[in-house]
Amino acid sequence: ENNSDAIKLLKSFVEDSKINTDRISLFNGFLNLSTYYFQNGQYQSSIRVFQNLQHSDKWLAEVMGSEWLLKKHLVECINQFEIGNPDLVAQRIKFIRKNFHDLFGRELYQRILVFISIMEKLNKNPLIATTQEFQNEVEQSFLFVESEKEDLQAITFYAWLKGRMMRQNYYTALMQLVKHK
């Protein structure tokens, strides 16, 4: 219910041209709207949010920063996986590796490299998600710090993987992780 309310609010925020806001708030609204659609299992709607942006990646990176653009591409990649487009997922992973290599040199972004490597394996064979071997690899790949210092994106991406491994939807896995941490 909270997700649906958030979607309604954000949708009206990003679509109402009468609302006077800065570009950063508006584009963060787009990213959040896409994320809430994803959490609701509305993958096509999540993808459409970004299709309606009439700006190049270069422009978005200049205005919003490389980290924002990386998040956008990761959300798109996961959505494409969820709707069964392995070729697009593979292309998106290749694009992320090529275009964000400068970020991956920073410690904060090392886990994203781990995540996309695991996602690449999952994309090649989605059935491995529930195998013990894959679950062990995922558990050993993500090192977490105490919850108040934890990177929210790391928890988010891990929750998506955890949901796949446990045959749960993402949001359920996320809520369990947040309560556990």
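Just above sits the structure.
Residues numbered from 1 in each chain as written. Predicted model: local features only at pLDDT ≥ 70, side-chain atom pairs only at ≥ 80, totals over all residues. Heavy atoms only, no water.

A. Up close: the overall build of the protein. Within the protein one finds eleven helices and zero strands. Listing the helices and strands of the protein from first to last along the sequence gives α-α-α-α-α-α-α-α-α-α-α. Here the C-alpha coordinates of the protein stretch approximately 55 × 40 × 35 Å along the principal axes. In the protein, which comprises 181 residues, the share counted as buried stands at 39%. The contacts in the protein between residues at least 6 apart in sequence include a share of 55% that link residues at least 24 apart. Of the roughly 10,500 Å² of accessible surface on the protein, a fraction of 49% belongs to carbon and sulfur atoms. (Helix = DSSP H or I, 4+ residues; strand = E, 2+ residues; numbered from the N terminus. Buried < 20%, exposed > 50% of the residue type's maximum accessible area, 1.4 Å probe, protein only. Contact = heavy atoms within 4.5 Å. Areas by Shrake-Rupley, 256 points an atom, 1.4 Å probe, with all protein chains shown as cover.)

B. Seen up close, the environment of T35. Tracing the backbone through its elements, the reader meets T35 in helix α2 (residues 23–39). Remark: the alpha-carbon pair of T35 and I83, spanning 48 residues in sequence, is separated by 15 Å.

C. How the structure looks around unusual backbone geometry. Even without glycine at this site, R167 takes up a positive phi of about 60°. Position of R167 among the secondary structure elements: in the loop between α10 (152–166) and α11 (170–180).

D. Molecular detail of the nonpolar core. With 49 residues, the main nonpolar core has L70, F115, M119 and W160 as its most contacted residues. For this core, the element with the highest residue contribution is helix α5 (residues 66–82), accounting for eight residues. (Core = buried A, V, L, I, M, F, W, Y, C linked by side-chain atoms within 4.5 Å.)

E. Broad picture of the packing of α2 against helix α3 (residues 43–51). Direction vectors running N to C along α2 and α3 enclose 170°, while the axes themselves pass 7 Å from each other. Classified by the interaxial angle, the pair formed by α2 and α3 is roughly antiparallel. Seen from above, α2 lies across α3 with left-handed handedness. Packed against α2, whose contacting residues are F30, L31, L33, S34, Y37 and F38, the element α3 presents Y43, S45, S46, V49 and F50 at the interface. (Axes fitted to C-alpha atoms, helices over the stretch in contact; angles between N-to-C directions. Parallel < 35°, antiparallel > 145°, perpendicular 65-115°, else oblique. Left-handed = near helix turned anticlockwise from the far one by under 90°.)

F. Seen up close, the pattern of salt bridges. Per the stated rule, a full pass over the model turns up nine salt bridges. Close ionic contact of E15 with K11 constitutes a salt bridge, the shortest N to O distance being 3.8 Å. Here E15 pairs with K11, and both are found in helix α1 (residues 2–15), just four residues apart, close to one helical turn. We classify E15 as exposed; its relative accessible area is 54%. The class for K11 is partly exposed, based on a relative accessible area of 33%. Here R97 and E120 are joined by a salt bridge, their closest N and O atoms 2.9 Å apart. Taken together, the residues R97 in helix α6 (residues 86–99) and E120 in helix α8 (residues 110–124) connect sequence positions 23 residues apart. The structure contains a network of salt bridges with shared partners spanning K72, E76 and R92. (Salt bridge = Lys/Arg side-chain N within 4 Å of Asp/Glu carboxyl O.)

G. Just α3, in detail. Regarding α3, the residues found buried are S45, S46, I47, V49 and F50. In this structure, the buried side of α3 is in contact with α2 and α5.

Read these as geometric descriptors, not functional statements.
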